[in-house]
Amino acid sequence: MAFRRRTKRIPARTPGELDAMQAAGEIVGKTLQAVRAAAAPGVSTLELDAVAEQTIRAAGATPTFKGYEGFPGSICSSVNDVIVHGIPDAKTVLANGDLLSIDCGATLDGWVGDSAWSFPIGELDLDVVALNAATEWVLMEGLQAMVPGNRLTDVSHALEQATYRAEDKFGVSLYIVDGYGGHGIGRTMHEEPYLENEGKPGRGPVIQEGSVLAIEPMLTLGTVDSAVLEDDWTVVTLDGSVAAHWEHTVAATADGPRILTRRY
Ligand code: MG
Ligand code: MG
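What you are looking at is a predicted structure, and each value in this text was computed from that prediction instead of being measured. (Residues numbered from 1 in each chain as written. Chains lettered and ligands numbered in written order. Predicted model: local features only at pLDDT ≥ 70, side-chain atom pairs only at ≥ 80, totals over all residues. Heavy atoms only, no water.)

A separate point is the coordination of the magnesium ion (ligand 1). Protein-derived ligands of the magnesium ion (ligand 1) are Asp103 (OD), Asp103 (OD), Asp114 (OD) and Glu247 (OE), with the metal-ligand distances lying across 2.0 to 2.5 Å. Read from N- to C-terminus, the donor residues coordinating the magnesium ion (ligand 1) fall into the pattern D-x10-D-x132-E. Separating the magnesium ion (ligand 1) and the magnesium ion (ligand 2) is a distance of 3.1 Å, and Asp114 donates to both of them. Of the two residues, Asp103 sits in strand β4 (residues 99-108) while Asp114 sits in strand β5 (residues 111-120), which places them eleven residues apart along the sequence. On the basis of relative accessible area, Asp114 is assigned to the buried category, the value being 2%. (Donors = N, O, S within 2.8 Å, 3.2 Å for Na, K, Ca; no water. Helix = DSSP H or I, 4+ residues; strand = E, 2+ residues; numbered from the N terminus. Buried < 20%, exposed > 50% of the residue type's maximum accessible area, 1.4 Å probe, protein only.)

Summed over all chains, the structure comprises four aromatic pairs. Here Phe71 and Trp233 contribute two aromatic rings whose centre-to-centre distance is 4.9 Å and whose plane-to-plane angle is 80°, an arrangement assigned as edge-to-face. Here the residue Phe71 occupies a position in the loop between β1 (62-63) and β2 (75-79), and Trp233 occupies one in the loop between β11 (226-228) and β12 (235-237), the gap between them amounting to 162 residues. Trp233 matches Phe71 in its accessibility class, with the two residues each being buried. Seen from their ring centres, Trp117 and Trp246 are 6.2 Å apart, and the 80° between their planes marks the pair as edge-to-face. On the criterion of sequence distance, the pair formed by Trp117 in strand β5 and Trp246 in the loop between β13 (243-245) and β14 (248-253) is long-range, its members being 129 residues apart. Note on Trp246: relative accessible area 6%, which makes it buried. Through a chain of ring-to-ring contacts, the aromatic side chains of Trp117, Phe119 and Trp246 assemble into a single cluster. Directly above the aromatic system of Trp117 lies the positively charged group of Arg36, at a separation of 5.0 Å from the ring centroid. (Phe/Tyr/Trp six-rings, centres within 6.5 Å; stacked < 30°, edge-to-face > 60°. Lys NZ or Arg CZ within 6 Å of the ring centre and 35° of its normal.)

It is worth spelling out the pattern of salt bridges at this point. A complete count under the given rule lists five salt bridges for this structure. The closest approach of N and O atoms between Lys66 and Glu53, which form a salt bridge, is 3.4 Å. Of this pair, Lys66 sits in the loop between β1 and β2 while Glu53 sits in helix α2 (residues 45-58); the two residues are 13 residues apart in sequence, bridging distant segments of the chain. Taking the relative accessible area as the measure of exposure, Glu53 reaches 18% and is therefore buried. Between Arg165 and Glu141 there is a salt bridge, with its nearest N and O atoms 2.8 Å apart. Residue Arg165 is found in helix α4 (residues 152-170), and its partner Glu141 is found in helix α3 (residues 126-142); the two are separated by 24 residues along the sequence. In this structure Arg165 comes out as partly exposed when scored by relative accessible area, which is 41%. Several salt bridges share partner residues, and in doing so they unite Glu53, Arg57 and Lys66 into one network. (Salt bridge = Lys/Arg side-chain N within 4 Å of Asp/Glu carboxyl O.)

A separate point is α3. The terminal C-alpha atoms of α3 lie 24 Å apart, and with 17 residues this matches the ideal 24 Å at 1.5 Å per residue to within 8%. Regarding α3, the residues found buried are Val128, Ala130, Leu131, Asn132, Ala134, Thr135, Trp137, Val138, Leu139 and Gly142. (Expected span 1.5 Å × (residues − 1).)

One can find Thr223 in the loop between β10 (218-220) and β11. Separated by 2.9 Å, the side chain of Thr223 and the backbone nitrogen of Asp225 make a polar contact. Here Thr223 is in contact with Tyr175, Thr237, Leu238, Asp239 and Ser241, once residues within four sequence places are set aside. (Polar contact = N/O pair within 3.5 Å; in protein donor to acceptor, adjacent residues only side chain to side chain. Contact = heavy atoms within 4.5 Å.)

Put into structure tokens, the structure is as follows:
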């Protein structure tokens, strides 16, 4: 007997649920702005973590990262060759020329927003300026594939193609970090499916009206390879090259992609 398997779909949120997710996401956006405003040479990433937690709690939300699988911070703070998951630390003091990546999550009324950006501390080397601009651009280009009817890896493919175009546009060689990517998100931060930042199009579950993904390109100037430090969190580039990380929580709607973690 033959059974027809239904094509899998990424869960759809109602318009009201998307509004609730955006309310959480806007707190993340506000928190990232506050952290950036506080970041300067001589400031530690632990001090930035306090700014983030205060901002999130003042908005009536809870820091999603804090306690997540034992993570101690309300942000991940990743400097230069740290790609993601840097732990806020009093000993990590920012200096002129650092590229700082801040990743943050907030939970409000049971819904989660997740977003990240990289920004300069003082003045960056020109190739790092290009890396960071390219990574933001790749996110904004890639998320255009977040439309109903597309499949999961259409987003992966769009991110990969944008990365290739960004090399010409920004005049640098870019490397897509292997083994890390985006994810479904809703009432918990990390939900199915896992979203690769590269790959062939037309595969995986179907994106519906109301499907939500956290889309997060991670690019480096030298390698696709990474290692996890002894703290079991900090992910660094294997060759010490600088990495950038940009992320938005994005819904597919009839009107096109809707960014739920805007930073106004
Ligand atoms: Mg994140
Ligand atoms: Mg994420």
